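Chain and residue survey
Below, each chain spelled out in residue letters.
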Amino acid sequence: GITFGDDTTQKGAAKNVATFTIQASSAITSDQKTNAMYRMPYNATLLGLQGKITANGNMRGTIDIAGPDFGDPTTGHVQAISFMHTSGGNTFDHASIDQASVDAGDYLYVDISNNASGSTGAQFFVTYETR
């Protein structure tokens, strides 16, 4: 562990969760959801993804690290986690990471490429820890 000057200690890397909520009046469209971005508070390593959708069926997409232009975050973005949920329930866990390292100040967002389930709502939880 680490002991700080005020005698407090930290026994391991701080862990946190980036949460993304997408809601639509009809089936969620396939595109980049940059209105639901998450700003990384510190340099971090991505650990995994959990998802929950409102309908049973297929949903595919990615969690992306935004490009350097905050006004146009999809320019120069990098795929961090790709996921594919197949039928068999409304929740899923995904631990395969394409780009694990994220810098402080970077933004994450969801990019849906297929919503065959017709889900009108989805939540994604990306777990990360300090590096």
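The preceding data block contains the structure.
In what follows, the accompanying structure is described. (Residues numbered from 1 in each chain as written. Predicted model: local features only at pLDDT ≥ 70, side-chain atom pairs only at ≥ 80, totals over all residues. Heavy atoms only, no water.)

1. Some remarks on the overall build of the protein
Using the following cut-off: Secondary structure elements are defined from DSSP: runs of H or I of at least 4 residues count as helices, runs of E of at least 2 residues count as strands, and each element is numbered from the N terminus. Partly exposed residues are those whose accessible area sits between 20% and 50% of the maximum for their type, while under 20% is buried and over 50% is exposed, using a 1.4 Å probe and protein chains only.
If you tally the helices and strands in the protein, you get 0 helices and 11 strands. Helices and strands appear in the protein in the N-to-C order β-β-β-β-β-β-β-β-β-β-β. With respect to the principal axes defined by its C-alpha atoms, the protein has extents near 55 × 35 × 25 Å. Relative to its full complement of 131 residues, the protein shows a buried share of 34%.

2. A closer look at the sheet that holds strand β7 (residues 78–85)
Condition: Strand pairing requires that DSSP identify at least two bridges connecting the strands. Helix axes are fitted only over the stretch in contact, all axes being lines through C-alpha atoms; the angle between N-to-C directions runs from 0 to 180 degrees.
Across the sheet, which stays open at both edges, the 4 strands sit in the order β4-β10-β6-β7 with antiparallel pairing between neighbours. Each of the sheet's edge strands pairs with one partner strand only, and the pair in question is β4 (32–39) and β7. Neighbour-to-neighbour, the strand axes of this sheet turn through a mean angle of 25 degrees, independent of strand direction. Note that strand β6 (residues 59–65) and strand β10 (residues 107–114) share 6 bridges and pair antiparallel. Paired with Gly61 across the strands is Ile112, a residue of β10.

3. Regarding unusual backbone geometry
Most peptide bonds take the trans form, and the phi angle of most residues other than glycine is negative. One non-glycine residue, Asp7, adopts positive backbone phi at about 70 degrees. Relative accessible area serves as the criterion here: at 65%, Asp7 is assigned to the exposed category.

4. Quick word on the packing of aromatic side chains
Formally: Working definition: a ring pair exists when centres of Phe, Tyr or Trp rings (six-membered ring for Trp) sit within 6.5 Å. Plane angles under 30 degrees give stacked, over 60 give edge-to-face, the rest tilted.
Taken as a whole and judged by the stated rule, the model has 7 aromatic pairs. Aromatic side chains Phe20 and Tyr38 sit 6.5 Å apart centroid to centroid with 65 degrees between the ring planes, which places their arrangement in the edge-to-face category. Here Phe20, found in strand β3 (residues 15–23), pairs with Tyr38, found in strand β4; they are 18 residues apart in sequence, far enough to count as distant. As far as burial versus exposure is concerned, Phe20 and Tyr38 are alike and both buried. The rings of Phe20, Tyr38, Tyr42 and Tyr128 are connected pair by pair, giving a single aromatic cluster.

5. Focus: the nonpolar core
Stated precisely, the cut-off is as follows: Nine residue types can take part in a nonpolar core, namely buried Ala, Val, Leu, Ile, Met, Phe, Trp, Tyr and Cys, and a core is a set of them joined through side-chain atoms within 4.5 Å. Here a residue-residue contact requires only that any non-hydrogen atoms of the pair lie within 4.5 Å.
Counting residues in each nonpolar core, the largest one holds 25 residues, and the members touching the most others are Phe20, Leu46, Leu49, Met59, Leu108, Phe124 and Val126. Elements represented by at least two residues in this core include exactly β3, β5 (44–53), β6, β7, β10 and β11 (121–130). Not counting residues within four places of it along the chain, the set of residues in contact with Phe20 comprises Ala36, Met37, Tyr38, Leu108, Tyr109, Val110, Ala122, Gln123, Phe124 and Val126.

So, to be careful, I would describe these as geometric facts and stop short of saying anything about function.
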